[in-house]
Amino acid sequence: MKVTQAPFFTALIRMCDDARKEGWHECHGGNLSYRLSADDAAAVSEELTPAGGWQPIGLSVPGLAGEILLVTAAGQLFRSTAREPERSLGILEISEDGACYRVLWGYWDRGRPTSELPAHLANHEVIKRRSGGRLRLVYHAHPENLIALSFVLPLDETVFTRELWEMMPECAMIFPAGIGVVPWMVPGTPEIAAMTMEKVEEYDIVLWAQHGVFAVGESPDACFGLVETAEKAAAILLKVLSCVSRKRQAPSAQDLRDMAAVFRLPLKEKFLYDRLPPDEPHRSA
Ligand code: 2HA
Ligand code: ZN
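Notes on the structure in this doc start here. A quick note: this is a predicted structure, and the numbers were derived from the prediction, not measured.

### Remarks on the site of ligand 1
Then comes step 1: With respect to spatial proximity, the complete set of residues near ligand 1 consists of His28, Gly29, Gly30, Asn31, Glu116, His140, His142 and His211.
Then comes step 2: Between ligand 1 and the protein, one listed contact pairs an oxygen atom with a side-chain N or O atom of Glu116 at 3.3 Å.
Then comes step 3: Bound to the protein, ligand 1 loses 76% of the 220 Å² it would expose on its own.
Then comes step 4: When its residues are assigned to classes, the shell around ligand 1 shows no nonpolar, 7 polar and 1 charged.

This is how it looks when you write it as structure tokens:
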């Protein structure tokens, strides 16, 4: 089967297209990588041929030895992925020592993987280990409401997680581990990669303050849905904060515990602290 006809590929293209329609990928913003399953790779094996030699990754990811990944190309536009997939994306293989990669498909016209490749691979190594192989997608986007909130709320995971969970029940269901927060850092550096890796040990979604989000998932739909849910909650919260300085009412910690019991959500107690009681409802004299 051709790569462009494979179900994993069409699902990724749909995600890229949906995400850029949401406005999360201005110009060159964002990147993603997907670790192919054995079935994914077998389905497209006729088109996977090494083009060029092994190149150093710049760090060692022995946990990904022999893995095959689809990774967005450097400098490409998310809005071009559907129209020019072979230019916007590529598929690469990791060497047996985990130190090098070689291209098997795509990256037309001397393209290359995103400059964030080391960060993507390092995070894949973490999520593959922590999920027993279930998590396959690493995704970076620039959703505007979450970015805006990082100017407004303290950069504290207990605050961000609780505020977003309160906005609608879907949030605790979709990100029961909460949301990680990384302060503003220079993009593309080993430092932001290392701090994100630490957060990805615990969280499926991490906010990069005044920049964007970094999310992981088992499929394109799961990962898109995760960012979509957090982003919608951020939009609701910004609306609330633009109307009142203090919410009049909100679900309590006990409300969230009750929901966790019914839906078997592993919500952490560190996010279920007691808050100041809401204002008294307005009463006419
Ligand atoms: O250009 O979003 O953070 C890709 C990015 C870098
Ligand atoms: Zn970015």
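### Overview of helix α1 (residues 7–21)
Then comes step 1: Compared with the 21 Å implied by 1.5 Å per residue over 15 residues, the 21 Å span of α1 between its first and last C-alpha is a close match.
Then comes step 2: Every buried residue of α1 is accounted for by Phe8, Phe9, Leu12, Ile13, Met15, Cys16, Asp17 and Ala19.
Then comes step 3: Immediately beyond the C-terminal end of α1, within one or two residues, lies Gly23, with a positive phi of roughly 90°.

### Details of the pairing of strand β5 (residues 100–106)
Then comes step 1: Most of β5 sits out of view: 5 of its 7 residues are buried.
Then comes step 2: Judged from the 3 bridges that link them, strand β2 (residues 51–56) and β5 form a sheet pairing that is antiparallel. Within the sheet, the bridge partner assigned to Gln55 lies in β5 and is Tyr101.
Then comes step 3: Where strand β4 (residues 89–94) lies against β5, 5 bridges are found, and the strand directions are antiparallel. Of the residues in β5, the one forming a bridge with Ile91 is Trp105.
Then comes step 4: In sequence, β4 turns back onto β5 through a hairpin of 5 residues, with Gly98 there showing a positive phi of about 75°.

### Re the coordination of the zinc ion (ligand 2)
Then comes step 1: Around the zinc ion (ligand 2), the protein contributes the donor atoms His140 (NE2), His142 (NE2) and His211 (NE2), which lie 2.0 to 2.1 Å from the metal centre.
Then comes step 2: Mapping the donors of the zinc ion (ligand 2) onto the primary sequence yields the spacing H-x1-H-x68-H. Here His140, found in strand β6 (residues 137–141), pairs with His211, found in the loop between β8 (205–208) and β9 (212–217); they are 71 residues apart in sequence, far enough to count as distant.
Then comes step 3: When its relative accessible area of 2% is taken as the criterion, His140 is described as buried.
Then comes step 4: Its relative accessible area of 14% is what places His211 among the buried residues.

### A closer look at the pairing of strand β3 (residues 68–72)
Then comes step 1: Counting buried residues along β3, 5 of its 5 residues qualify, which places the element largely inside the surrounding structure.
Then comes step 2: Neither face of β3 is exposed, since Ile68, Leu70 and Thr72 on one face and Leu69 and Val71 on the opposite face are all buried.
Then comes step 3: As judged from the 3 bridges shared by strand β1 (residues 31–35) and β3, these two strands associate in the antiparallel manner. Within β3, the residue paired with Ser33 across the bridge is Val71.
Then comes step 4: Pairing of β3 with β4 involves 5 bridges; the strand directions are antiparallel. For Thr72, the partnering residue across the bridge sits in β4 and is Leu89.

### Looking at the nonpolar core
Soluble globular proteins tend to pack their nonpolar side chains together in the buried interior.
Then comes step 1: Of all hydrophobic cores here, the largest spans 73 residues; its most connected members are Phe8, Phe9, Leu70, Tyr139, Trp165 and Ile205.
Then comes step 2: The leading source of residues in this core is helix α9 (residues 220–243), at 8 residues.
Then comes step 3: Sequence-distant contacts of Phe8, that is, excluding residues within four places in its chain, are made with Tyr34, Leu36, Asp40, Val44, Leu70 and Ile91.
Then comes step 4: Core analysis: the next-biggest nonpolar cluster, separate from the first, contains 13 residues, Leu92, Ile94, Tyr107 and Leu121 among them.

Criteria and cut-off values
- All chains use their own residue numbering, which begins from 1 and follows the written sequence.
- Labels follow written order: the first chain is A, the first ligand is 1, and so on.
- Side-chain atom pairs in this predicted model are given and counted only at pLDDT of 80 or more, local residue features only at pLDDT of at least 70, and totals for whole chains, interfaces and linings cover all residues.
- In computing side-chain values, all of the structure's heavy atoms are included and hydrogens and water are not.
- Each residue is tested against the molecule or strand, and it is near if at least one of its non-hydrogen atoms lies within 4 Å.
- Counted as a polar contact is a pair of N or O atoms within 3.5 Å, where, for protein atoms, one must be capable of donating a hydrogen and the other of accepting one, and residues adjacent in sequence contribute only when both atoms are in side chains.
- What sets the accessible areas is the Shrake-Rupley method with a 1.4 Å probe; for residues, cover comes only from the shown protein chains.
- In this count, Pro and Cys sit with the nonpolar residues alongside Ala, Val, Leu, Ile, Met, Phe, Trp and Tyr, while Asp, Glu, Lys and Arg are called charged and the others, Gly among them, polar.
- Put simply, DSSP marks the helices as runs of H or I at least four residues long and the strands as runs of E at least two long, and each gets a number from the N terminus on.
- Each residue after the first adds 1.5 Å to the expected span of a helix.
- To sort residues, take the accessible area from a 1.4 Å probe on protein chains only and compare it with the maximum for the residue type: under 20% means buried, over 50% means exposed, and anything in between is partly exposed.
- Pairs of strands are assigned from DSSP output, requiring at least two bridges between the strands.
- Each metal's donors are the N, O and S atoms found within 2.8 Å of it, except that Na, K and Ca use a 3.2 Å limit; water is left out, so coordination can look incomplete.
- By convention a nonpolar core is built from buried Ala, Val, Leu, Ile, Met, Phe, Trp, Tyr and Cys residues, the set being connected through side-chain atoms within 4.5 Å.
- Contact between two residues is taken to exist if any of their heavy atoms lie within 4.5 Å; hydrogens are not considered.

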